[in-house]
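# Fold and contact review
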Amino acid sequence: MLRGMVPGEGGPKYLALAERLKLALLRGEYGPSLPPERALAQGLGVSRDTLRRALALLEEEGLLLRRRGSGTYVARRATFRARLLGFTEEMEALGVVPETRLLKAEKGPATPEEAFHLRLSPSEEVWRLERLRLGDGEPIALERAVLPLWALEALPQGSLYRALEARGLRPVRALQRLRALPAREEDRLLGVEPGTPLLYLERLSFLADGRPVELVKSRYRGDRYELLVELT
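Residues numbered from 1 in each chain as written. Predicted model: local features only at pLDDT ≥ 70, side-chain atom pairs only at ≥ 80, totals over all residues. Heavy atoms only, no water.

### Side note on the packing of aromatic side chains
Where we set the bar: Two aromatic rings, drawn from Phe, Tyr or Trp (for Trp, its six-membered ring), form a pair once their centres lie within 6.5 Å of each other, and the interplanar angle then sorts them: stacked below 30 degrees, edge-to-face above 60, tilted otherwise. A ring is considered to have a charge above it if a Lys NZ or an Arg CZ atom is located within 6 Å of its centre and within 35 degrees of its normal.
In total, this model carries 0 aromatic pairs according to the counting rule given. Its end group placed over the ring of Trp150, Arg211 keeps NZ or CZ at 4.6 Å from the ring centre.

### A look at the nonpolar core
How we decide: Definition of nonpolar core: a set of buried residues of the types Ala, Val, Leu, Ile, Met, Phe, Trp, Tyr and Cys, connected through side-chain atoms within 4.5 Å. Relative accessibility thresholds used throughout: buried, under 20% of the residue-type maximum; exposed, over 50%; partly exposed, between the two (1.4 Å probe, protein chains only). Strands are runs of DSSP state E lasting at least 2 residues, helices are runs of H or I lasting at least 4, and numbering of each runs from the N terminus. Working rule for contacts: check all heavy atoms of both residues, and any pair within 4.5 Å makes them a contact.
Counting residues in hydrophobic clusters, the biggest one holds 17 residues, and the most contacted among them are Leu21 and Leu51. Only α1 (13-26), α2 (37-44) and α3 (48-60) provide two or more residues apiece to this core. Top element by residues in this core is α1. It accounts for 6 residues. Every residue in contact with Leu51, bar those within four places of it in the chain, is listed here: Leu17, Leu21, Glu37, Leu40, Ala41, Leu44 and Val46. Counting 13 residues, the second-largest nonpolar core is a separate cluster that includes Trp127, Leu160, Tyr161 and Val213.

### Observations concerning the pairing of strand β9 (residues 212-221)
Formally: Strands pair, by our definition, only if DSSP identifies at least two bridges between them.
Extensive coverage of β9 is indicated by the burial of 9 of its 10 residues. When strand β6 (residues 138-148) meets β9, the two strands line up antiparallel, connected through 6 bridges. Bridge assignment links Val146 to a residue of β9, and that residue is Leu215. For strand β8 (residues 197-206) and β9, the ladder comprises 9 bridges, and the chain directions are antiparallel. Note on β9: the bridge partner recorded for Leu204 is Leu215. Hairpin connection, β8 to β9: the antiparallel pair is bridged by 5 residues, and Gly210 has positive phi, about 95°.

### As for the environment of Glu99
Put simply, the test is: Whenever a nitrogen or oxygen atom comes within 3.5 Å of another N or O atom, the pair is scored as a polar contact, on the condition that within protein one atom can donate a hydrogen and the other can accept it, and that pairs from neighbouring residues in sequence are kept only if both atoms are in side chains.
Here Glu99 is to be found in strand β4 (residues 98-109). Owing to a relative accessible area of 32%, Glu99 belongs among the partly exposed residues under this scheme. In the structure, Glu99 is positioned 32 residues away from Arg131 in sequence and 10.0 Å away in space, judged by C-alpha atoms. Only 3.2 Å separates the side chain of Glu99 from the side chain of Arg101, close enough to count as a polar contact.

So this is what it looks like as structure tokens:
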């Protein structure tokens, strides 16, 4: 339910209209752009003022993009069902073209936190990768991945998970934590202002023999990515 939605028939018309449009958008009934305001208002049987207020709410929720002089567009959002895949595989499964920009790569001794999670001795080294992940050319996530040095002979050119799989080190299980955090100054690479809510994902992945092989901390744009989890 939208913020400010009043249940029943007594709420403002624009709130009920926004909820109606939201359901239609999630069902894929509109796209890639909405009809002109006049035609849409007539088709829905509402005033243009009511429509504009409803569209403003949906834009605030990240479902629409309104461009002055151009129109109103359905926002692209990658909705991923919880399975253990790398980012590249996630995007390909959704029909989105993945892209990775390597921001930083280094080898060095594991920090106490890294050694604890990856079950390493303080003298063991790790790979640290900082990458900007994009889908269809749009920034989606900033990712920091840490792997034991034994897991990779060299930095992969493409998918990290596919490089691990080629070495017989495909992760099969993971512990994952997700929460909301405000964007930092360095998160401007995602195209957001500091303070914008982001999805913070922390994941520790394990091999079939129980060894931890990857510690990842990612900050996702909430208007570009969502995680769907089925509970049974």
